[in-house]
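Remarks on the overall topology
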Amino acid sequence: MVMVSLAGYQCQGNEFSMYMLLGSHFILNEVTQSHSITIHPWLLHFCNSMSYHNQLCSVRIPDVIPGNIPTYGLFSMAAGDFLEVYNEKGPSIMQQISAELL
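Residues numbered from 1 in each chain as written. Predicted model: local features only at pLDDT ≥ 70, side-chain atom pairs only at ≥ 80, totals over all residues. Heavy atoms only, no water.

Remarks on the overall build of the protein
So the rule is basically this: Strands are runs of DSSP state E lasting at least two residues, helices are runs of H or I lasting at least four, and both sets are numbered from the N terminus onward. Residue burial is assigned from relative accessible area. The probe radius is 1.4 Å, only protein chains are included, and a residue is buried under 20% of its type maximum, exposed over 50%, and partly exposed in between. Should any heavy atoms of two residues lie within 4.5 Å, those residues are considered in contact. For accessible areas, the Shrake-Rupley method is used with a probe of radius 1.4 Å. Any residue's cover is judged against the shown protein chains and nothing else.
Of regular secondary structure, the protein possesses four helices and four strands. Counting from the amino terminus, the protein carries its helices and strands in the arrangement α-β-α-β-α-β-β-α. Taken across its 102 residues, the protein has 14% of its residues classed as buried. The contacts of the protein with a sequence gap of at least 6 include a subset with a gap of at least 24, amounting to 65%. Carbon and sulfur atoms make up 59% of the accessible area of the protein, which amounts to about 8,500 Å² in all.

Shown next, in the form of structure tokens:
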């Protein structure tokens, strides 16, 4: 969503899980340096790995500091179920972007 906002679009992230909201809050509001956190996202995934080395690969995040988003892009977060948060029927056009597609 940060990259969409940096492209100049108004966007809003949505999450209902408290665990995901805590992680999002940390990355969006507390991290001040790019590539400052190392994670191992494939460590517990045993299927579809070509070798054990692939499971141990690390990733440095974030690549862009969300606090440095210029003011021309509007970015926000909404907490709650998607259908409850966005249940208004109005003239606005809304697009959904999935994290898997990005």
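There is more to say, and it comes next.
Describing the environment of Ser 58
Note on placement: Ser 58 falls in the loop between helix 3 (52–55) and strand 3 (59–61). Once residues within four sequence positions are removed from consideration, Ser 58 is found in contact with Thr 38, Ile 39 and His 40.

Focus: a nonpolar patch on the surface
The test is simple: Like-charged residues are merged into a patch within 9 Å and nonpolar side chains (Val, Leu, Ile, Met, Phe, Trp, Tyr) within 5 Å, provided each residue has over 30% relative accessible area and no salt bridge. Salt bridges are defined as contacts in which a side-chain nitrogen from Lys or Arg sits within 4 Å of a carboxyl oxygen from Asp or Glu.
On the surface, Leu 43, Leu 44 and Leu 56 cluster together to form a nonpolar patch covering roughly 330 Å² of accessible area. Position of Leu 44 relative to the elements: it lies in the loop between strand 2 (37–39) and helix 3. The class of Leu 44 is exposed, set by a relative accessible area of 69%.

Points about unusual backbone geometry
The omega torsion across Ile 61 and Pro 62 is -15°, close enough to zero to call that bond cis. The residue Pro 62 is located in the loop between strand 3 and strand 4 (75–79) in this model. In this structure, His 35 is a non-glycine residue whose phi angle is positive, near 55°. Tracing the chain through its elements places His 35 in the loop between helix 2 (18–30) and strand 2. Of note, Asn 48 is a non-glycine position whose phi angle comes to about 60°, a positive value. If you trace the backbone, Asn 48 turns up in the loop between strand 2 and helix 3. Asn 48 gets classed as exposed once you look at its relative accessible area, which sits at 79%.

Some remarks on the packing of aromatic side chains
Stated precisely, the cut-off is as follows: Ring geometry is summarised as follows: Phe, Tyr and Trp rings, the Trp one being its six-membered ring, pair when their centres sit within 6.5 Å, and such pairs are stacked at plane angles under 30 degrees, edge-to-face over 60 and tilted between the two.
Per the counting criterion, the structure on display carries one aromatic pair. Between Phe 82 and Tyr 86, the aromatic rings sit 4.9 Å apart at their centres with planes inclined by 50°, giving tilted as the arrangement.

Considering the side chain of Gln 55
Cut-off, in case you're wondering: Any N or O atom pair separated by 3.5 Å or less is treated as a polar contact, with the protein-specific requirement of one donor-capable and one acceptor-capable atom, and with residues adjacent in sequence counted only for side-chain atom pairs.
Here Gln 55 lies in helix 3. Using a relative accessible area of 6% as the deciding quantity, one classes Gln 55 as buried. Within the structure, the side chain of Gln 55 is placed 3.4 Å from the backbone oxygen of Leu 43, a separation counted as a polar contact. Those residues in contact with Gln 55 that lie beyond four places of it in its chain are Trp 42, Leu 43, His 45, Phe 46 and Ser 49.

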